[in-house]
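For reference, the chains in residue letters:
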Amino acid sequence: MATTAVGQPLSRVDARRKVTGTATYSAEHRIEGLLYGVTVNGTVARGTVSRISVDAALAHPGVLRVLTDFGKLQLAHPVDRLAFYGQPIAVVVAETLEAATHGASLVEATYERQDAVTDFDDPDIPSQTPEDEPDYSRGDPAGALASAQVKVDLELTSARENHNPIELPSTIARWQDGRLTLWDKTQWSQGAARTVAGALGIAVTDVRVHNEFLGGGFGSGIQTYDHVVLAAFAAREVNRPVKVVLTRRQFYYGTGFRPASRHRMALGSTAAGRVSALVYEVRIENARYRTYTDGLTDLPKFLYGVPNTSTAYRITPIDVHSPASMRGPGVVLGNFALETAMDQLAHELAVDPVELRLRNEPTQDEVSQLPFSTRKLRECYETGARRFGWSRRRAEPGSRTDGDLLIGMGMATASYHNNRRDSSARARIHADGTAEVFAASADMGPGTTTSVMQVAADALGLPASAVTFRLGDSSYPTAPLHAAACTMASVGSAAHTTCNALKAEFIRRAVADPNSPLHGANPADVQVRDGQLETSGARDTYRDILRRAGLPSLDITGNWGPGDADSKISTYGYGAVFAEVSVDPLLGLVRVRRIFAAYDVGRVISPKLAHSQAIGGMVGGIGMALLEGTVTDHRDGRIVNASLADYLVPVNADVLDLDAAFINTEDPQADPIGVKGLGEITIVGVAPAIGNAVFNATGKRLTDLPIRPEALL
């Protein structure tokens, strides 16, 4: 298929608006009569509010209302008792943000406390097997492990992580004639509309959500949290628009997080490096009021051809807010356990880590027994190793130095399921020859607005400059959540399908119109380029077809979904991540010198945006490996480091040399545009690659994330 836009390194179409400040984010909309709401957060992890005093707050100048009765709201957690530290117990509404903030500080509450547990390592709290994550087994993993010639058996841990995008959770709510409009920082406008409608007991058709611009998300905006519902509730109660923006500290309390985890990963192998047994057991923290699971066991039972495999997934319910998806949810932690153990096994066998992985490549998906749609992982290893300079790695730990520093190289495999979901789009061509495509998707930073435009432009046969992709409105055609690396495959495929249908409709009209130069032509012979329909030297244009029909525009709404494809093929993205680190043995400081990754993610729509996505995932992986960890005071459940002054994230000095390449491939069996998800996989292999590099530098196998200096001293 000839293309003019797909595959080109175009700059983001909204870049100028973002860098000049004309892009309007949720909290920045100017709404007449706007009031400000600030939530008051409970300070116990479990109990009830026995008394709440609002008189001082109401007496403060500018404060209009203090709302404390949430009894008629349907929230994700109980409203009659406290289920976690920081749960909202009141909303102060005022004429100014300053008045609302100070008013909130004047609200006083007393509690009837109940014994609470916020440490999921508490031995008195039993773990549970979630219904949607049953134990898995194939072959005889226990017997194969016992009889294996070489064994690795590791205990690993990871700390809780909190989301920290630049834009804070923010919502403006306005009621007009019984209908609610929200300007909300959400990754799923239609999901937010359903949640708020359900919480307030109104029809979802009476809720419209706008989310054109998002300042990052990483999963924090998938669910609709209390502050969104409370903004809508407060606006209805005071009969004026209300804006609620969480502080950074409230962000930590009021939204989900990547749960802390505990792992056992055991591998058994022949002396020749054929992995014969894998036993994986994992446990994560959970809330008492709600079960959360993700894909922790996915890669351990799938990634390599291990005939004897078992996995066991457990959750421990405690008195905390519910965990939530965070970039590479679940998969990134399960892969950390797997790839750390694979590196240790390679060391025990004295086999190159890349070679060990190649020796254990499967020929099919051993979980589903389905063929792979594409699996160019071998090419990822080869490209990554060559571009990174893997041949210069010294196998003996601690044998390479740079002055007083120890230097190490490590690598890890990455993979993520190619998620595709039902999606719709509306395509419209105007009388001036320009086009618009609409879908209720979002763009939290990967460049969806640009990449879907590229797909649409090629499908319509128009230059990229003539096509606009409009998103960020729940009233647009149905789209899935902007997460799980499913947007391009889903929304992009819907746009492709719909735009092709619209192009076909123009061709049909032209060949049927006696006044068209294409009259009587075979529709299959008509090609469209730059808005011109052409065959055998005869030409017509979108503009002329609309002019002759007396139409200002013509549009079509179409749908696309994966159907039963997942019952026929196994479709995943793949990658190989290589890292080099330096370690100061006196201070225990680890610095990432460089990371290079090679990916098989199907057709790359926009190389510039894809490279940016890869770099962003690497930065997140550096944070997971070396810096990020949420600290809880288990006396009351308070998060101790709930600020960017205390919660460590990578800065520019931590990301010196990051690069990525993409294997030239398509996955036409998965979707009509041949893409595979990119957003999640780019973080998946980074932490184990860094940890394996630290081992190569020091000989110390560190299995706790983040890797802290004291562990190296």
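Here is a short report on the structure shown in this document. (Residues numbered from 1 in each chain as written. Predicted model: local features only at pLDDT ≥ 70, side-chain atom pairs only at ≥ 80, totals over all residues. Heavy atoms only, no water.)

1. Thoughts on the environment of Thr 157
Phase 1: Here Thr 157 is to be found in strand β7 (residues 150-158).
Phase 2: Exposure remark for Thr 157: the relative accessible area of 24% places this residue in the partly exposed category.
Phase 3: Expressed as a C-alpha distance, the spacing of Thr 157 and Leu 702, which sit 545 residues apart in the sequence, is 9.9 Å.
Phase 4: Apart from the residues lying within four places of it in its own chain, the contact partners of Thr 157 are Ser 261, Arg 262, His 263, Phe 336, Thr 703, Asp 704 and Leu 705.
Phase 5: At 2.8 Å, the side chain of Thr 157 and the side chain of Asp 704 are in polar contact. (Helix = DSSP H or I, 4+ residues; strand = E, 2+ residues; numbered from the N terminus. Buried < 20%, exposed > 50% of the residue type's maximum accessible area, 1.4 Å probe, protein only. Contact = heavy atoms within 4.5 Å. Polar contact = N/O pair within 3.5 Å; in protein donor to acceptor, adjacent residues only side chain to side chain.)

2. A short note on the nonpolar core
Phase 1: Membership of the largest hydrophobic core comes to 92 residues, with the highest contact counts inside it found for Met 265, Val 581, Ile 595, Tyr 599, Met 618 and Ile 690.
Phase 2: Looking at which element gives the most residues to this core, the answer is helix α9 (residues 331-349), with 11 residues.
Phase 3: Ala 459, Phe 469, Phe 506 and Ile 545 belong to the second-largest nonpolar core, a separate cluster that totals 47 residues. (Core = buried A, V, L, I, M, F, W, Y, C linked by side-chain atoms within 4.5 Å.)

3. Structural notes on unusual backbone geometry
Phase 1: Going from Leu 705 to Pro 706, the amide bond is cis rather than trans, its omega being 0°.
Phase 2: As for its placement among the helices and strands, Pro 706 is situated in the segment after β31 (704-705).
Phase 3: The backbone phi angle of Ala 350 is positive, close to 60°, even though this residue is not glycine.
Phase 4: Structurally, Ala 350 is set in the loop between α9 and α10 (353-359).
Phase 5: What makes Ala 350 exposed here is its relative accessible area of 72%.
Phase 6: One non-glycine residue, Gln 369, lies in the positive phi region at around 65°.
Phase 7: When you line up the elements, Gln 369 lands in the loop between α10 and α11 (377-388).

4. Considerations on the pairing of strand β23 (residues 532-535)
Phase 1: Of the two faces of β23, only one is covered, namely that formed by Leu 533 and Thr 535; the face formed by Gln 532 and Glu 534 stays uncovered.
Phase 2: What sits between the antiparallel neighbours strand β22 (residues 527-529) and β23 is a turn of 2 residues, in which Asp 530 has the positive phi angle 50°.
Phase 3: Two strands pair when backbone bridges link them, and β23 and strand β24 (residues 538-541) are joined in this way by 4 bridges, in the antiparallel orientation. Residue pairing in the sheet places Gln 532 in a bridge with Thr 541 of β24.
Phase 4: Following β23, the chain reverses through 2 residues before pairing antiparallel with β24; Ser 536 in that reversal takes a positive phi of roughly 50°. (Pairing = 2+ DSSP bridges.)

5. A closer look at the pattern of salt bridges
Phase 1: All told, the structure shown has 39 salt bridges when counted by the stated rule.
Phase 2: The partner of Glu 161 in a salt bridge is Arg 258, and the shortest N-O contact between them spans 3.0 Å. In this pair, Glu 161 is assigned in strand β8 (residues 161-162) and Arg 258 in strand β13 (residues 257-258), connecting sequence segments 97 residues apart. Arg 258 carries the same exposure label as Glu 161, and that label is buried.
Phase 3: Close ionic contact of Arg 509 with Glu 505 constitutes a salt bridge, the shortest N to O distance being 2.9 Å. One end of the pair, Arg 509, and the other, Glu 505, are both in helix α13 (residues 487-512), 4 residues apart, so they sit about a helical turn from each other.
Phase 4: Given the relative accessible area of 29%, Arg 509 is considered partly exposed.
Phase 5: The class of Glu 505 is buried, set by a relative accessible area of 18%. (Salt bridge = Lys/Arg side-chain N within 4 Å of Asp/Glu carboxyl O.)

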